Amino acid sequence: MNGLFPLAKWSFRLSRRLPFIITPSQTALFAKSLRTKMTGSEQLRHDLEDAANRMRISAIEMTCASKSGHPTSSASAAEIVSTLFFNEMRYDAHDPKNASADRFILSKGHACPILYAAWEEAGLLSHDQVLTLRRIDSDIEGHPTPRLNFIDVATGSLGQGLSAAAGMAYVGKYIDKASYRVYCLLGDGESAEGSVWEAAAFASHYKLDNLVAIVDVNRLGQSQATALGHDLETYKARFAAFGFHAIIVDGHSIDELLKAYAEAKNTQGKPTAILARTHKGRGIADVEDLDNWHGKPVSEEKIGAIRSRFHGSEKGKLVAKKPVDDAPKVDLCIGNIKMAAPEYKLGEKVATRAAYGTALAKLGDASPRVIGLDGDTKNSTYSEKLLKAHPEQFIECFIAEQNLVGVAVGAQCRGRTIPFTSTFAAFFTRATDQIRMAAVSFANLKCVGSHVGVSIGEDGPSQMALEDLAIFRAIPDSTVFYPTDGVSAERATELAANINGIVFIRTGRPALPVLYKNDEPFMVGQAKVLKESPKDSILFIGAGVTLYEALKAAEELEKKGVHAAVIDPFTIKPLDVKTIAAHAQRVGGRVLTIEDHYPAGGIGEAVAAALGDLANVRVRSLAVHAVPRSGPPEELLDLYGISAKHIIKAVENFV
């Protein structure tokens with residue numbers, strides 16, 4: 001009864017001021033309801049703690065079964081994942097990629113056992129399924145990939161998850177205008193990656209208050225302690241300096257985590273970073289917070305101590321809240337996106353980069369879900385044409401190419417957009433790992449690189465892309481366009497929008513004559529034969545600026561009685577092997593490729609590989625063989641051996 005006296009006094013004072021009286025029985029009933037609520041809070045805590053410990057046990061068991069994996073990195077995040085999946089996030093376990101559902105990205109992908117355990121706890125996976133971790137016949141892979149229907153992007157190469165999460169959050173806030181939220185769990189070690197801070201700057205700039213970054217600060221990296229250890233205040237200062245609302249919590253406290261999520265929801269105009277102090281290997285006896293346990297299974301005998309802490313909550317009791325169905329229905333119409341036809345005159349000088357910008361704006365007319373992203377080069381790549389026509393379909397990512405690609409990968413998830421990323425082709429090399437991981441994510445990503453080769457001129461080698469074809473050709477299942485004129489550049493852009501996968505379009509700086517009529521049809525993997533005759537004794541293959549040099553050389557050679565066929569490949573991958581092989585054999589097996597690119601991985605190697613099984617066919621290549629220097633484009637083409645003069649000389653030696 002002593003506990004009721006304060007309420008009784010309160011009710012007495014209240015009754016003297018109000019026209020009604022609260023009786024002692026009503027006071028007792030009110031006190032009982034308070035105690036019931038308190039009990040409910042305690043029960044929720046116990047339920048979530050039990051879920052976390054069941055997930056810890058599952059992570060240990062699956063890594064024991066595979067004899068490899070990361071149970072300690074999983075154990076540190078158990079309460080974070082438990083509270084997210086079974087109290088905070090809205091999703092349907094039987095429809096994981098529902099457009100309206102909250103998104104979760106495990107940026108610290110090596111901790112995937114705890115993610116698989118969460119979906120086991122949610123009822124999507126069985127325990128037998130998660131025990132197939134890392135088996136060659138299982139999609140429960142060693143790091144998350146979208147082979148699983150609850151994974152949006154592949155992670156494991158650290159520092160990339162927050163960019164993808166920011167792309168999802170941008171789409172949610174500004175394009176879908178929906179209520180879903182995005183949660184990204186990072187490791188403290190990966191916060192040393194610069195790409196994390198590129199993403200943080202982006203998220204803050206665009207006021208992504210639907211984004212929550214949670215950093216599992218467990219102090220220990222792979223080979224030693226992290227640079228900051230458990231210095232949570234420094235982490236907080238860094239995220240705050242980048243414009244985040246930063247919160248420090250005990251990452252093993254259910255109450256503190258739930259309070260932080262509520263605070264994040266109430267934070268307007270900025271993203272939230274929850275900095276969770278945890279212990280690696282939490283709950284695992286003789287392992288917790290000890291070095292040299294990264295990526296090593298622990299004995300199943302350790303499970304007993306974890307199981308002894310159960311409160312008695314049953315698996316399956318906690319069910320996630322269903323999403324609010326407010327994301328618009330989207331049909332990207334991939335394969336059926338049509339844009340207005342090109343409008344050029346034959347011989348008119350047009351840079352392919354400018355034609356790309358024109359086509360991108362037309363695609364924006366055709367589909368509100370085609371978006372452009374650029375890295376502060378939009379007035380050079382001409383992606384600004386989309387910005388001017390459809391500003392709501394354009395995202396400026398500033399000079400942060402890794403984040404540029406990462407945001408695009410996030411933006412395309414769940415079929416919400418078709419992203420075209422644009423920058424100088426040389427700068428895509430900075431994001432090669434993001435592009436590589438986009439392939440692992442089976443992403444629908446378009447990359448358009450301008451200012452390629454020595455033909456850009458006076459800007460010099462730092463701006464000259466001479467490796468880009470090699471990089472994008474190496475990406476599995478990629479499509480690589482190298483359009484030569486304005487018409488083919490527009491058609492390449494239209495075709496790219498209709499390909500579900502990774503596409504690269506190589507565009508050039510020089511304005512060069514239009515070669516094709518506006519109604520010329522183009523197809524992926526179909527080359528164009530620009531010059532041929534029955535007298536041909538050699539085949540030239542060039543693209544972009546070198547195709548014009550090849551045509552020029554062919555005209556000069558014809559005056560000397562030497563006839564050359566000239567082919568524009570249009571796509572370097574896939575290559576039109578049938579057309580090229582037929583003409584190679586027709587001219588007597590002599591093939592000369594000319595490219596504004598280094599030899600490795602370029603057109604020459606692509607053609608040589610394609611024709612390698614043909615008898616009596618020889619492929620020789622002209623390419624840029626040294627680090628270039630600044631100078632006028634025409635002089636650089638000549639200096640590095642890919643001008644018409646050098647083609648003629650090569651033919652004389654060849655024939």
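Residues numbered from 1 in each chain as written. Predicted model: local features only at pLDDT ≥ 70, side-chain atom pairs only at ≥ 80, totals over all residues. Heavy atoms only, no water.

Looking at an unreviewed UniProt entry, one finds the chain named transketolase, with Caenorhabditis auriculariae as its source organism. Regarding the chain, the relevant UniProt record gives this comment under Sequence similarities (unreviewed entry): "Belongs to the transketolase family." (UniProt positions renumbered as here; feature names shortened; annotations may be inferred.)

Asks: Outline the sheet that holds strand S18 (residues 590-594), listing residues and values.
Replies: Judged by pairing direction, the sheet is mixed, and its five strands sit side by side in the order S14-S16-S15-S18-S19 without closing on themselves. Taken across any chain shown, the strands that pair with only one partner, and hence form the sheet edges, are strand S14 (528-531) and strand S19 (618-622). For this sheet, the mean inter-axis angle between neighbouring strands, taken without regard to orientation, is 25°. Pairing analysis gives five bridges linking strand S15 (residues 536-542) to strand S16 (residues 563-568), with the strands arranged parallel. Within the sheet, the bridge partner assigned to Phe540 lies in S16 and is Val566. Contacting S14, S15, S16 and S18, helix H20 (residues 577-586) runs over the sheet at an angle of about 150° to S15. (Pairing = 2+ DSSP bridges. Helix = DSSP H or I, 4+ residues; strand = E, 2+ residues; numbered from the N terminus. Axes fitted to C-alpha atoms, helices over the stretch in contact; angles between N-to-C directions. Contact = heavy atoms within 4.5 Å.)

Asks: Explain the packing of helix H7 (residues 161-175) against helix H8 (residues 194-205) residue by residue, including any values.
Replies: One can describe the packing of H7 onto H8 by two numbers: an axis separation of 8 Å at closest approach and a directional angle of 20°. The orientation of H7 relative to H8 falls into the category roughly parallel. The handedness of the crossing between H7 and H8 comes out as left-handed. Contact with H7, carried on its side by Leu162, Ser163, Ala166 and Tyr170, involves Ser195, Val196, Ala199, Ala200 and Phe202 of H8 and no other residues of that element. Among the residues forming the contact of H7 with H8, the class breakdown is seven nonpolar, two polar and no charged. (Parallel < 35°, antiparallel > 145°, perpendicular 65-115°, else oblique. Left-handed = near helix turned anticlockwise from the far one by under 90°. Nonpolar A, V, L, I, M, F, W, Y, C, P; charged D, E, K, R; others polar.)

Asks: Mind laying out the packing of H8 against helix H15 (residues 401-411), listing which residues take part and the relevant values?
Replies: Packing of H8 against H15 brings their axes to within 9 Å, and their N-to-C directions diverge by 65°. Considered as vectors, H8 and H15 are oriented roughly perpendicular to each other. Note on packing geometry: the crossing formed by H8 with H15 is right-handed. Together, Ser195, Glu198, Ala199 and Phe202 of H8 and Glu401, Gln402, Asn403 and Val407 of H15 make up the contact between the two elements. Residue composition of the contact of H8 with H15, by class: three nonpolar, three polar and two charged.

Asks: Can you tell me about the side chain of Ser100, naming the residues and giving the values?
Replies: By secondary structure assignment, the location of Ser100 is in the loop between helix H4 (78-88) and strand S1 (103-106). For Ser100, a relative accessible area of 2% gives the class buried. Side-chain polar atoms of Ser100 contact the backbone oxygen of Val324, separated by 3.4 Å. Once you skip the residues sitting within four places of it in the chain, Ser100 turns out to touch Tyr180, Pro323, Val324, Asp325, Asp326 and Ala327. (Buried < 20%, exposed > 50% of the residue type's maximum accessible area, 1.4 Å probe, protein only. Polar contact = N/O pair within 3.5 Å; in protein donor to acceptor, adjacent residues only side chain to side chain.)

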